[in-house]
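Here is what each chain is made of, one letter per residue.
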Amino acid sequence: MTTQEPLLRVRNLRTHFTSKLGVAKAVDGVSFDVFPGETLGLVGESGSGKSVTCLSVVRLVPQPSGRIVEGEVLLGGKDLLTLSDNEMRDIRGSRVAYITQDPLTSLDPLFRVGNQVGEPMLAHGRANRKDVRGKVVDMLRRVRIPAPEIRATQFPHEMSGGMRQRVVAALALGCRPELLIADEPTTALDVTVQAQILRLLRDLQEESGLSMILVTHDFGIVARACDRVAVMYAGRIVEISPVTDIFERPAHPYTIGLMASVPKIGIKSEHMPSIEGQPPDVRRIPPGCPFAPRCTARQDRCTVEYPPTIKLRDQHEVACWAVDPVTGVPAGVAVAE
Ligand SMILES: Nc1ncnc2c1ncn2[C@@H]1O[C@H](COP(=O)(O)OP(=O)(O)O)[C@@H](O)[C@H]1O
Ligand code: SF4
Ligand SMILES: [Mg+2]
């Protein structure tokens, strides 16, 4: 994977929201790569900047309060932030697809699902009036919707939540994008359907070589569905690593805390450890490391200066003053076996 050129290269991305209450630094200097055919997980508590990172990549940050103030978003070497609105509209839906947890925001209740899945295919020249119906049915079949000919004629309200999310996947993937950005695509679904949708995304990825950014607040999903993971806190990536390595040797105290909160078989959720305290308000980020008020490994310099990013092993990087660059272990944190 490391020898390949990345499909997506995000560099020093900063997206801020301005209001009477001040400037919210929702994304504040984020850099990462997504390689062809891989899934990068973005994980972190609510408000850490996961969605705003994704919205920035597809240039759908809510206007006018939100603004990308700095950075580069290179897709196949071309900076999407320099494109015109028309050029960007063409990229969205054809080369990059974006889906959210709420299929109802992606589907129009007034139109039959077949017409909705076909619309972007027609708009981006992937189908014509004659062959669109066949291509829609084919796509619905690929997302494992039973009786696709009949389903194509139905309205969204005639389908279950899981079925609707399959339709959204068909809509997103109909134009054969290179990158799928899925922002908590299974959060609204029950556990069984969640597993089916994750399996489906994995299968579709294997069939087509698609790259994926998968946002989740759940390390269990990271373990099942991702190749690498970036852990976000207060608008920054605090640790990024291949999934296998981070599960074996997590380095950042925040990552260790998040992983300790993953439900384990035989442990009731009320007995699960969780990280004390709340994430900071991104309008008032204190100097130094924003995790400091909650961190058991905190040192004096932590509240003075933000830690530099250090490389631990192949593709595993962390930003924390307490982490020993040789052993990758943070001083003062008990790592659970
Ligand atoms: N539309 C918005 N207007 C103002 N601030 C916003 C808006 N959307 C997000 N933010 C700010 O950005 C922060 C990060 O949000 P978000 O990326 O949605 O978090 P996550 O997806 O990790 O839960 C929020 O805590 C909030 O302060
Ligand atoms: S040890 Fe310091 S730098 Fe590392 S997470 Fe804790 S407060 Fe942040
Ligand atoms: Mg979000």
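Reading guide: rules and limits
Residues numbered from 1 in each chain as written. Chains lettered and ligands numbered in written order. Predicted model: local features only at pLDDT ≥ 70, side-chain atom pairs only at ≥ 80, totals over all residues. Axes fitted to C-alpha atoms, helices over the stretch in contact; angles between N-to-C directions. Helix = DSSP H or I, 4+ residues; strand = E, 2+ residues; numbered from the N terminus. Parallel < 35°, antiparallel > 145°, perpendicular 65-115°, else oblique. Left-handed = near helix turned anticlockwise from the far one by under 90°. Contact = placed C-beta atoms within 7 Å. Near = placed C-beta within 6 Å. Nonpolar A, V, L, I, M, F, W, Y, C, P; charged D, E, K, R; others polar. Pairing = 2+ DSSP bridges. Core = buried A, V, L, I, M, F, W, Y, C linked by C-beta atoms within 7 Å. Buried ≥ 20, exposed ≤ 12 C-beta atoms within 10 Å, placed from the backbone. Expected span 1.5 Å × (residues − 1).

## Observations concerning the packing of helix H4 (residues 113-123) against helix H5 (residues 132-142)
Argument step 1. Remark: H4 packs on H5, axes separated minimally by 9 Å, with the N-to-C direction vectors making an angle of 115°. Classified by the angle their axes make, H4 and H5 are roughly perpendicular. Judged by the twist between their axes, the crossing of H4 over H5 is right-handed. Contact with H4, carried on its side by Gly114, Val117, Gly118, Met121 and Leu122, involves Val132, Lys135, Val136, Met139 and Leu140 of H5 and no other residues of that element.

## Thoughts on the site of ligand 1
Argument step 1. The environment of ligand 1 is made up of 15 residues, and the closest members are Ala26, Gly47, Lys50, Ser51 and Val52.
Argument step 2. Breaking the shell around ligand 1 down by element, the ones donating at least two residues are strand E2 (22-34) and helix H1 (50-57).
Argument step 3. In terms of residue count, H1 provides more of the shell around ligand 1 than any other element does, 3 residues in total.
Argument step 4. When its residues are assigned to classes, the shell around ligand 1 shows 6 nonpolar, 8 polar and 1 charged.

## Let's talk about the sheet that holds E2
Argument step 1. Spatial ordering of the open sheet is given by E2-E1-E4-E5, a layout of 4 strands whose pairing is antiparallel. Every interior strand has two partners, whereas the edge strands, E2 and strand E5 (78-79), have only one.

## Considerations on the site of ligand 2
Argument step 1. Around ligand 2 sit 14 residues in total, of which Cys289, Cys295, Cys302, Cys320 and Ala322 are the nearest.
Argument step 2. Across the shell around ligand 2, the residue classes break down as 11 nonpolar, 2 polar and 1 charged.

## Concerning the nonpolar core
Argument step 1. By size, the foremost hydrophobic cluster in this structure holds 89 residues, and its most contacted members are Leu140, Ala170, Leu180, Ile181, Ile213, Ala230 and Val231.
Argument step 2. Tallying contributions element by element places helix H7 (residues 161-173) first for this core, with 8 residues.
Argument step 3. With near-sequence residues (within four places) excluded, Ala230 lies in contact with Phe32, Leu40, Leu42, Ile237 and Ile240.

## Thoughts on the packing of H7 against helix H8 (residues 191-208)
Argument step 1. Two elements in contact, H7 and H8, have axes whose closest approach is 10 Å; the angle formed by their N-to-C orientations is 20°. Here H7 lies roughly parallel to H8, going by the angle between them. Remark: the crossing between H7 and H8 carries right-handed chirality. Contacts between H7 and H8 pair Gly161, Gly162, Gln165, Ala169 and Leu173 from the former with Val193, Gln196, Ile197, Leu200, Leu201 and Leu204 from the latter.
Argument step 2. By residue class, the composition of the contact of H7 with H8 is 7 nonpolar, 4 polar and no charged.

## Quick notes on unusual backbone geometry
Argument step 1. A cis amide bond links Gln63 to the next residue, Pro64, at an omega of 0°.
Argument step 2. Here Pro64 is to be found in the loop between H1 and strand E4 (66-75).
Argument step 3. Positive phi, normally seen in glycine, also occurs at Arg144, with a value near 60°.
Argument step 4. Of note, Arg144 is situated in the loop between H5 and helix H6 (148-151).
Argument step 5. The partly exposed category is assigned to Arg144, around which 17 C-beta atoms lie within 10 Å.

## So, H7
Argument step 1. When the terminal C-alpha atoms of H7 are compared, their 18 Å separation across 13 residues agrees well with the 18 Å that a helix rising 1.5 Å per residue should span.
Argument step 2. Among the 13 residues of H7, 11 are classified as buried, and the element is accordingly described as predominantly covered.
Argument step 3. Among the residues making up H7, those that are buried are Met163, Arg164, Gln165, Arg166, Val167, Val168, Ala169, Ala170, Leu171, Ala172 and Leu173.

Spatial relationships are all this shows, so hold off on functional conclusions.
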